[in-house]
Every structure is written in structure tokens, then in C-alpha cells.
There are 2 protein chains.
Amino acid sequence: MTLHVRVDGASGERIHPMDRGLLYGDGLFETVLFRDGTAPLWQRHMARLASGCVRLGLPLPDAQALRSRCEEAAGTWPCAALRITWTRGPGERGYAAPASPQPTCVIAAGAAPVVASAAVECGVKVHLCQTRLARQPLLAGMKHLNRLEQVLARAEWQAADIAEGLVCDVDGNLISATAANIFVALGGTLVTPAVDHCGVAGVVREELLSALPVTVRPLTLEDLMHAEELFLTSSIRGALPVAECDGRRHVPGTFVRRAQAHLQRIGVMVAV
Amino acid sequence: MTLHVRVDGASGERIHPMDRGLLYGDGLFETVLFRDGTAPLWQRHMARLASGCVRLGLPLPDAQALRSRCEEAAGTWPCAALRITWTRGPGERGYAAPASPQPTCVIAAGAAPVVASAAVECGVKVHLCQTRLARQPLLAGMKHLNRLEQVLARAEWQAADIAEGLVCDVDGNLISATAANIFVALGGTLVTPAVDHCGVAGVVREELLSALPVTVRPLTLEDLMHAEELFLTSSIRGALPVAECDGRRHVPGTFVRRAQAHLQRIGVMVAV
């Protein structure tokens, strides 16, 4: 994969070894899909980033400048995936933040991964991870740089035909996939777990919550067994049905088709 | 503070913006005290680093080469504090680790902060933090790069006379300070909490566990109220009594003096 990386706007630059993003994971990121130069969920990405900045006490990026730089970075590809990394910048030793932090902004742009039409239509295989997510309301919902739980969960499988891993919290409640949110159809109702004690408030999840009738409530593994439908959402892949989870089959139905139709309407997905 | 930073052995280099240490906090660190070119707890630092590498599936550093580079970096100061940062190195997009990671090693060396003799003798003031640590056995004990909880806890106070903050887990058990372990004398027994569901297995803590009679058991805030003594341990500062916690006074006693005497004997502290 070829990535074009800009640090603070200048191409090819590198990160200061005392950047607090590296020292402590003291920062946030966004993974943004651009189609033909436009990011359909740009406002939601910026809202989440701003909310994370407030919660962590980070300076907010200049939204106008960030948008220009992202549009420029995305310009090379018909469909681009950008990772914006926003850290508290260089610091001295110790956890105390600098009084006047100089945030670091990294924009890494590449062609978005092609989502096979079979995945969109028939679904993907997933693994149920052993790795459990800690309960930490102070960090839940944010897309921060402390991602070792996800790294450990992702290390549980190597098989190329496994697209994702489902992850529970320490109490055994289903929360999300390693890099996607989950939706389940149960008794004719679309359900997704809250992300107030762990997990990430995904932008596509937020979009679907605003566009479709969805109940936010805890999901058990028992619920998973009885799920009529199961699908994943992410900024880059949109909504993908789960066809199989550790040997157990699921069939895509009307709920995921409705989600996909909405995401196609707003430009996150393309019709297959 | 002047820091001399080496990345992978070459002075003045910088970090790749797709380093997984920055992207996900995918790595570990050690903060090592050198006195006159020697690190008294070097073996314990290397044991903890190696244990963390095994748990995270990171390649182990070449111990001989790392030692030479650290000794060289520490050589400039009579008393130096080194931060070794060891990450999984550059990666592509996504949580999956590269099949053959090329770890990044950053060594940042500076003069160790001078510990005032008043702090060693009479003790320091600490704050009891509101920030709670999540329970995550998969990461507990390691000195990994996911440190947002500590950043949030450290942001709770600005007063220059507060030396540290005590932190509880989500269940209200006292675990540690933001960058130090804690020991409490209770009913004539020295007690320190376990670090198997959160916290860091500090090298001075390990040293004291091997040298003195210490009971490892949960500590409540109620215990803190009845503590006969309270002291902090860290690789750079050794053992420092707590003189005051949010207005409540503690008096240094025989337990902290015994710990300090041991740390002076092995070269972690100097006699005041």
C-alpha cells in the first residue's frame, strides 16, 4: 500500500521522538473516506474529533485548514482513505502536559481498500475474540491513540478469509469489532450496544442512529446466538453483513439492506 | 530540560509517522536511572521489558546492544534518567501487526531530576485523584505506551508543591501514584497492592518485594485513613515518604527508612 504522509502540512516530515502521541498515546485519530474529493461524513468526523479534544484537554485543530489539507491529500485517488492523527505534540519527561501544547497533525492518505461486492452482498466471516475490553468511561467513545486492546484482539487470527473480530467487554457484553461497530437484528428490532464504557462512537454508527430506528442496549453472546441479522459498520467499508461467526451462519436481511441503501444515498457506499 | 535523543542508535533522527508506537501506542518503555554510568536496577528493567515483549508479541531487543547504547547515552551525566521506548515499528493501516516487525528504539537521556533532601527526609505532598484506572489484566503490570489514564490523572492538579497523585481502580481500590508505586504501613505490616489488573510492576517495587517483608493485598481508601506510613517508589526517585495527602498528614517512620537504606545500599538513592 502506498501512503502519502504529511506531518503538519509538510510532505515527508517525521515525528519528534518526544511527541506525546508516541510517549503516551496522548492524542486522537480519525479514518476518513473521501469519494471524488468529498468526505460524506466529514462533519461527524470533525464533531467526534472536537469532542475528544475537549475530553482530553487538547487544543482543537483549525477546522478550515484541516479540511483543505485533507482535500488536497485525498485528491490523488477517486476513493481515498485518510488517517488524521492529532496529538498533544512534543513534551518533556512526565505525564504533565505542556502549558501551551503545539499539537502534531499527521495526515496519511492512500487509496481506500476495495470492498469486494461479494462482501457487500453475501457478507464476511468474523472471529469471536477472547480479548476483552476494559470498562473505562473516561476514554469510551473516543477514537484515541491507546489501542493495545485492539492490537491484541487483532492478533488472535491470521486466516486471510476472516475479515474482522467481534470483541466483548470484561463483563462478557458484546461491544464492537476490532475496527468496526456492530448492529444486530433481534425480534424485528435493530440493536447496537452503547459505547459509554468502552468502544468507539463510530461515525457510520452515529449516522445510522440518526437515520434509522435503532435501539441502544447491551448485547449478550446469547443475543448473538439468536440474532436474525448481524452487520458491521465502519467509515471505510460502510455496512457489511456478517455471514459467519466462528462457524455459525447468519443471513443478510432487510436491516442491512436498509443501512446500505442509506449509506449509498449519502455517498459512503456505492451500489454493487 | 535538555534531552539527548537517539532513535535506533543514530543521534537526532526522527520517528516514522506510521510508527505503530504513535498509531496505537503499540510498544513499551522503561525509565532507567544511571549513577556514574551504572544502572543499579538494569536487570529488573530488562526483565520487565522482555516480559512485556512476550505478552505483546513484540520482538525482544538485543540486550547487549541496548545496554551499550544506554551506557553511552548516560555517560554525559553523573546521574542520568533514560527513557527507552521500544515500539513495533512502522506499520500499514489497520491493527494487524506486520509479519516481520522492525522495532523502533528511542533512547532519550537527560540529567536525572534532583530529589530535594527535604523530600527524602520529611516527605512530599500528594493529591488523591478522581481519575480511576480500568481493570485490564491483559495489560496490567506492563509499562506500555497506552498512558491516557495517567495523563488524565496528572491533569487534575497544577500546584507546584504537589509531587504526585494517588490513583484508585474503578472499584475504588488504591493502586499506585500516576508515575510511582505505593507502599502503606498498616498494623505494623508493610503492604502494597497487586498490579495484576491495573498498574505497573515498578522495578523499585519489585526490588523491595525481594528485599523486605511486604504483603501484597488490596488497599482501600479506608486503609489509607489508618495508614501509619505511606511512601512512593519509582526508578528515578527511589522511596519518598508522603507527608500530606489532600490535607491529611502522614509521618515518615521506620518502614520508609528501611526501604531508603536498602535503596542507598544498592545505589538507587544517595544518603542525604
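Whatever comes next refers back to the structure up there.
Bear in mind that the values here come from a model prediction, so they are computed numbers and not experimental data.

Q: Any chance you could break down empty space enclosed by the protein for me, citing the residues and the numbers?
A: Taken as a whole and assessed by the stated rule, the structure comprises 4 cavities of 30 Å³ or more. The volume enclosed by the largest cavity comes to roughly 430 Å³. Along its surface, the largest cavity is lined by 27 residues, and A:Ala134, A:Glu149, B:Ala134, B:Leu139 and B:Glu149 are the ones closest to its centre. Among the secondary structure elements, those contributing two or more residues to the lining of the largest cavity are helix H5 (148-154) of chain A together with helix H5 (148-154) of chain B. Residue classes in the lining of the largest cavity are distributed as 11 nonpolar, 12 polar and 4 charged. Here the second largest cavity is characterised by a volume of approximately 40 Å³. A:Leu33, A:Pro40, A:Leu41, A:His45, A:Val203, A:Ser235 and A:Val268 together form the lining of the second largest cavity. Of the residues that constitute the lining of the second largest cavity, the class distribution is 5 nonpolar, 2 polar and no charged.

Q: Any chance you could break down the interface of chain B and chain A for me, citing the residues and the numbers?
A: Taken residue by residue, the interface counts 56 residues in chain B and 56 residues in chain A. Interface area for chain B against chain A, summed over the two sides, is near 4,700 Å², with a carbon-plus-sulfur share of 67%. When the buried area of chain B at its contact with chain A is split by residue, B:Arg93, B:Tyr95 and B:Leu148 rank highest and sum to 19% of it. For the pair chain B and chain A, the interface holds 0 salt bridges. Connecting chain B to chain A are 19 residue pairs in polar contact (both at pLDDT 80 or more). When contributions to the side of chain B that touches chain A are tallied by element, the ones reaching two or more residues are strand E1 (4-7), helix H1 (20-24), strand E3 (27-35), helix H2 (42-56), strand E4 (79-87), strand E5 (104-111), strand E6 (124-133) and H5 of chain B. In terms of residue count, the dominant contributor to the side of chain B that touches chain A is H5(B) (6 residues). Split into classes, the residues belonging to the side of chain B that touches chain A amount to 29 nonpolar, 12 polar and 15 charged.

Cut-offs applied
- Residues numbered from 1 in each chain as written.
- Chains lettered and ligands numbered in written order.
- Predicted model: local features only at pLDDT ≥ 70, side-chain atom pairs only at ≥ 80, totals over all residues.
- Heavy atoms only, no water.
- 1 Å grid on protein atoms, 1.4 Å probe; cavity = no way out; pocket = protein on both sides within 12 Å on 5 of 7 lines; lining within 4 Å.
- Points joined across faces, edges and corners; volume = space filled by probe spheres on them.
- Helix = DSSP H or I, 4+ residues; strand = E, 2+ residues; numbered from the N terminus.
- Nonpolar A, V, L, I, M, F, W, Y, C, P; charged D, E, K, R; others polar.
- Contact = heavy atoms within 4.5 Å.
- Buried area = accessible area lost by both parts, 1.4 Å probe.
- Salt bridge = Lys/Arg side-chain N within 4 Å of Asp/Glu carboxyl O.
- Polar contact = N/O pair within 3.5 Å; in protein donor to acceptor, adjacent residues only side chain to side chain.

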